[in-house]
Amino acid sequence: LRHRHRARGAWGETTGRPQGARSRSDPAGRVTILFADLHAYLDNMKAPWELLELRTRYYENVIKAMLESIGVPLEKLKFVRGTDYQLSKEYTLDVYRLSSVVTQHDAKKAGAEVVKQVEHPLLSGLLYPGLQALDEEYLKVDAQFGGVDQRKIFTFAEKYLPSLGYAKRIHLMNPMVPGLTGSKMSSSEEDSKIDLLDRKEDVKKKLKKAFCEPGNVENNGVLSFIKHVLFPLKSEFVILREEKWGGNKTYTDYEALEKDFAEQVVHPGDLKNSVEVALNKLLDPIREKFNSPELKKLTNAAYPNPSKAKPAEKGTKNSEPENVVPSRLDIRVGKVISVEKHPDADSLYVEKIDMRGVESQGMVLCASSVGEPRQVEPLDPPAGCCAGERVYVEGYEDGEPDDELKPKKKVFEKLQADFRISEDCIAQWKQRDFLTKLGSVSCKSLKGGSIS
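Values in this document were obtained by computation on a predicted structure and should not be read as measured data. (Residues numbered from 1 in each chain as written. Predicted model: local features only at pLDDT ≥ 70, side-chain atom pairs only at ≥ 80, totals over all residues. Heavy atoms only, no water.)

This part takes up the overall build of the protein chain. Each helix and strand in the protein chain was counted, giving 13 helices and 19 strands. The buried share among the 452 residues of the protein chain stands at 47%. Within the protein chain, contacts between residues at least 6 apart in sequence are counted, and of these 68% link residues at least 24 apart. As displayed, the protein chain has an accessible area near 23700 Å², and 52% of this comes from carbon and sulfur atoms. (Helix = DSSP H or I, 4+ residues; strand = E, 2+ residues; numbered from the N terminus. Buried < 20%, exposed > 50% of the residue type's maximum accessible area, 1.4 Å probe, protein only. Contact = heavy atoms within 4.5 Å. Areas by Shrake-Rupley, 256 points an atom, 1.4 Å probe, with all protein chains shown as cover.)

If you want it as structure tokens, here you go:
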């Protein structure tokens, strides 16, 4: 199993969606878990170099705790760090040998679904697939295991390892579990995943926000979590509900549960509540283990909280200005259900919006023309986006949004001053595109307009 240090570890990432997981089976049935610390640094420097050691220790402890929580014996597990062998003379020479036969096209294509894609990619991202291929040889593995997002790197390894005189390996893949927001799970989108150390209130909050539209089984992260995580562990799933709604029901077949949900026999609220109970039973032993002073200290050191800056002394001004960046805004894709005239105004409207399968009231970002007569168009996400998917600004993908925007701080207003529509009708902030995972956010025709 291979782990890059991108997030604190999530059930979707470590079971359903391991990022380039590698496994090795020998006649004794042993498994090697690779902490790919060097890879984490190469992938757009997602893990700072000075934190690699701490995060490797964190991951070893959290993965052991996770496996113990589901009854997996640890005697046959072997933990290896990438830097234990990837900085050796032999490995480095093989990197050079491989780079002499791999084309830029093949390297970029291999990492397309794994390495973070940016407008101006770094050379490190092109090295990444080659290192993962060489790991198979240097770990002396029989097979590598990962999500289907790894298939291009697996194909790359099968093509290029023989050119260095090394054997092809077996490659095994599992499905990708969608994030709770309905789109691809992302370590940079906090609400899309359940972290292994999330508190019970965090689990409740994330599941409450999760996309779970009545009768909709497509891109339903809650159902997918049951299918790929909970059912394989217990071979059954219990829907918990009050007697007046039919009482508890035990499913021993996932397809039967999915069918009942599609036919709206199972309510999204009951589904989420049942997942919350089952998930907390799995997380409780992990939380308990990490409640020790030693592991608390390790967690805080590996993932320091940037928000816990030392407050300014009373009566003095903070020497550092507040960092107002787009990642502080929680902008989401939504489906407008209805538009009604505001009862107390001539020009304001109340809009009902479908967000993650929950009908709510909210504000829609629109493009406005410059000059008269004033024209207004809603911003359009790329085709295929799901309600609830996060919209971010290019270069600010990894930040966490504020839990609440304080009116006095005027964070939205300060950022909105630099919102514009480009000449290509792309929504931008300081000439950086508004993006989802499927591409840029745009409007139909209002070139050079403002966004409000």
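Right, let's get into the packing of helix H4 (residues 89–99) against helix H6 (residues 123–138). The N-to-C vectors of H4 and H6 enclose an angle of 130°; their axes lie 10 Å apart at closest approach. In terms of orientation, H4 lies oblique with respect to H6. Regarding H4 and H6, the two cross each other, and that crossing is right-handed. In contact with Glu-90, Tyr-91, Asp-94, Val-95 and Leu-98 of H4, H6 contributes Gly-130, Leu-131, Leu-134, Asp-135 and Tyr-138. In the contact of H4 with H6, the residues fall into six nonpolar, one polar and three charged. (Axes fitted to C-alpha atoms, helices over the stretch in contact; angles between N-to-C directions. Parallel < 35°, antiparallel > 145°, perpendicular 65-115°, else oblique. Left-handed = near helix turned anticlockwise from the far one by under 90°. Nonpolar A, V, L, I, M, F, W, Y, C, P; charged D, E, K, R; others polar.)

Here helix H9 (residues 221–234) contains 14 residues, and its C-alpha end-to-end distance of 19 Å stays within 8% of the 20 Å for a straight helix at 1.5 Å per residue. Maximum bend of H9: about 35°, positioned at Lys-227. Within H9, the full set of buried residues consists of Gly-221, Val-222, Leu-223, Ser-224, Phe-225, Ile-226, Val-229, Leu-230 and Phe-231. Immediately beyond the C-terminal end of H9, within one or two residues, lies Ser-235, with a positive phi of roughly 65°. (Expected span 1.5 Å × (residues − 1). Bend = angle between axes of the 7 residues up to and from the residue.)

The next thing to look at is the packing of aromatic side chains. In this structure the tally under the stated criterion is 12 aromatic pairs. Seen from their ring centres, Tyr-58 and Phe-290 are 5.8 Å apart, and the 70° between their planes marks the pair as edge-to-face. Linking Tyr-58 in helix H3 (residues 52–69) with Phe-290 in the loop between helix H11 (268–289) and helix H12 (293–302), this pair joins segments that are 232 residues apart in sequence. Residue Phe-290 is classed as buried on the basis of its relative accessible area of 6%. Both rings, one in Tyr-58 and one in Tyr-303, keep their centres 5.4 Å apart while their planes meet at 70°; by these two values the pair is edge-to-face. Here Tyr-58 is found in helix H3, whereas its partner Tyr-303 is found in the loop between H12 and strand E8 (331–332), with 245 residues between them in sequence. Each member of the aromatic cluster is reached from another via a ring pair, and the members are Tyr-58, Tyr-59, Phe-290 and Tyr-303. (Phe/Tyr/Trp six-rings, centres within 6.5 Å; stacked < 30°, edge-to-face > 60°.)

Tracing the chain through its elements places Ser-274 in helix H11. A polar contact of 2.7 Å, which involves the side chain of Ser-274, links it to the backbone oxygen of Asp-270. In contact with Ser-274, other than residues within four places in its own chain, are Phe-237, Val-238, Ile-239 and Leu-240. (Polar contact = N/O pair within 3.5 Å; in protein donor to acceptor, adjacent residues only side chain to side chain.)

Our focus in this paragraph is the side chain of Asp-37. Along the chain, Asp-37 turns up in helix H2 (residues 37–42). A polar side-chain atom of Asp-37 sits 3.4 Å from the main-chain amide nitrogen of Gly-82.

Attention shifts here to unusual backbone geometry. Although it is not a glycine, Lys-410 adopts a positive phi angle of roughly 55°. Along the chain, Lys-410 falls in the loop between strand E14 (390–393) and helix H13 (411–416).

Attention shifts here to H11. Here H11 is 22 residues long and its end C-alpha atoms lie 32 Å apart, about the 32 Å a rise of 1.5 Å per residue gives. Of all the bends in H11, the largest measures some 35° and sits at Leu-283, one to four residues before the proline Pro-285.

Formed by 42 residues in total, the largest nonpolar core has its most connected members in Ile-226, Leu-257 and Leu-271. Among the elements of the structure, strand E2 (31–35), H3, helix H8 (200–209), H9, strand E6 (237–239), helix H10 (254–262), H11 and H12 are those that each provide at least two residues to this core. Each residue touching Leu-271, except ones within four places of it in the same chain, is listed here: Cys-212, Val-222, Leu-223, Ile-226, Ile-239, Leu-257, Phe-261 and Val-266. Membership of the second largest hydrophobic core comes to 27 residues, among which are Leu-38, Ala-110, Val-115 and Tyr-128. (Core = buried A, V, L, I, M, F, W, Y, C linked by side-chain atoms within 4.5 Å.)

Looking at the secondary structure, you find Leu-446 in the loop between strand E18 (439–440) and strand E19 (450–451). Taking relative accessible area as the criterion, Leu-446 reaches 5% and is therefore assigned buried. For the pair Leu-446 and Glu-377, spaced 69 residues apart in sequence, the C-alpha to C-alpha distance is 7.6 Å.

Mapping Tyr-59 onto the fold places it in helix H3. The exposure class of Tyr-59 is buried, given its relative accessible area of 1%. For the pair Tyr-59 and Phe-35, spaced 24 residues apart in sequence, the C-alpha separation works out to 7.9 Å.

Relative to strand E5 (residues 170–174), strand E4 (residues 143–147) is paired through five bridges, and the arrangement is parallel. Within E5, the residue paired with Gln-144 across the bridge is His-171. Between E4 and its parallel partner E5, the chain crosses via helix H7 (residues 151–160), and the hand of that crossover is right-handed. (Pairing = 2+ DSSP bridges. Right-handed = clockwise from strand over helix to strand, strands pointing away.)

Attention now goes to the packing of H9 against H10. Contact geometry of H9 with H10 gives a least axis separation of 11 Å together with a crossing angle of 165°. By the angle class used here, H9 and H10 are roughly antiparallel. With respect to the hand of their crossing, H9 and H10 are arranged in right-handed fashion. Contacts from Leu-223, Ile-226, Lys-227 and Phe-231 in H9 reach Tyr-254, Leu-257 and Phe-261 in H10. Along the lines of polarity and charge, the residues of the contact of H9 with H10 split into six nonpolar, no polar and one charged.

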